[in-house]
Amino acid sequence: MTALRAKYIRDLTVRGRAQRTQRAYTRYVAELACYYKRSPEQISYEEVTNWLYHLIKERQLSASSVNVAVNAVRFLYGITLGRNTEALTASVPHMKHPIRRAEVYARSELEAILSAPSQPRDRAFLMTVYACGLRISEATDLKTSDIDRPRMQLRVRNGKGAKGRVLPLGKRLLKELVDYWRAQRLGYSSQNIAWLFVGETAGEPIGISTAQKIYNRAVQKSGVRRKGGIHVLRHSFATHLVESGVELPAVQRLMGHARLKTTAIYLHVTECRLAEVRSPLDLIDTSHLER
């Protein structure tokens, strides 16, 4: 590991960047150096701009991925190298995200998907992702100690932005987790396993790639049209809450969103109810005005 890379990782750690963010930032900075075959210290801001243009036009990365690369180089030059980044910030702005409506599954489709896995662990995992609206990284990181049965709560320790939150634990999900525990977890020789969802290697949590495969197999087996990756379960959770009348600030807290604007994308579900909305004028007694 080079001295610059070590200092970069140190600075990211000191400023509280999550491990996943550190890996992503470090990967993009390494790609920048590889692209020019020089240390980033010797790369000009104009060259950084050309590299980002390459990511957009040649590699056709999404706006989200390009913005991660932008944040990575801004942090490198501004924090680790301590340079004035005013010119860099002006030349490499964040890309605007296209506004897209989140696809969601109907409740009947979810019932088919969640019932599809034959393995207790796989079924319990998918149910937990949907029932609590978890990101895949949050679900794979769950520990048995994160379940508070007396208070019927589930704790997310390391959410996005290193933020934790507490979620309600429904009776149906708790029963599924208990059944999974009895059917699969008690078969392990060691009972001191911290992770809620155990991976293929003893003592290790389920991996993200394994979690994605569990979801893909369940969708295929259910016969439901695939509407996206496992993140659609999280979209469905939020959408179904809004449809059932839960206030948007409450949904924001459950989703772990920093801004209410992010949660507001789920308001599109109200479109299907527009025909049922009555005009406020119809609610006012105007009979005395009739002639």
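This structure is a prediction, so every number in the text was calculated from the model and none was measured.

**Considering the packing of helix α7 (residues 120–132) against helix α9 (residues 171–183)**
In helix packing, the relevant descriptors are the interaxial angle and the interaxial distance, both defined with respect to the helix axes. Here α7 crosses α9 at 155 degrees, and the two axes come no closer than 9 Å. Classified by the interaxial angle, the pair formed by α7 and α9 is roughly antiparallel. Between α7 and α9 the crossing geometry is left-handed. When α7 is examined against α9, the residues Pro 120, Arg 121, Arg 123, Ala 124, Met 127, Thr 128, Ala 131 and Cys 132 are found in contact with a partner set consisting of Arg 172, Leu 173, Glu 176, Leu 177, Tyr 180 and Ala 183. Per-class residue counts for the contact of α7 with α9 are nine nonpolar, one polar and four charged.

**Topic: the pattern of salt bridges**
Using the criterion set out here, one finds 17 salt bridges in the structure. Among the salt bridges present, the one from Arg 38 reaches Glu 47, with a minimum N-O distance of 2.6 Å. Linking Arg 172 and Glu 111 is a salt bridge whose minimum nitrogen-to-oxygen distance equals 2.7 Å. Residue Arg 172 is found in helix α9, and its partner Glu 111 is found in helix α6 (residues 107–115); the two are separated by 61 residues along the sequence.

**Some thoughts on unusual backbone geometry**
Positive phi, normally seen in glycine, also occurs at Gln 60, with a value near 55 degrees. With respect to the element layout, Gln 60 can be found in the loop between α3 (45–57) and α4 (63–80). Of the residues examined, Gln 60 reaches a relative accessible area of 64% and is grouped as exposed. Positive phi, close to 55 degrees, is recorded for Met 152, a residue that is not glycine.

Rules and cut-offs
- Residues numbered from 1 in each chain as written.
- Predicted model: local features only at pLDDT ≥ 70, side-chain atom pairs only at ≥ 80, totals over all residues.
- Heavy atoms only, no water.
- Axes fitted to C-alpha atoms, helices over the stretch in contact; angles between N-to-C directions.
- Helix = DSSP H or I, 4+ residues; strand = E, 2+ residues; numbered from the N terminus.
- Parallel < 35°, antiparallel > 145°, perpendicular 65-115°, else oblique.
- Left-handed = near helix turned anticlockwise from the far one by under 90°.
- Contact = heavy atoms within 4.5 Å.
- Nonpolar A, V, L, I, M, F, W, Y, C, P; charged D, E, K, R; others polar.
- Salt bridge = Lys/Arg side-chain N within 4 Å of Asp/Glu carboxyl O.
- Buried < 20%, exposed > 50% of the residue type's maximum accessible area, 1.4 Å probe, protein only.

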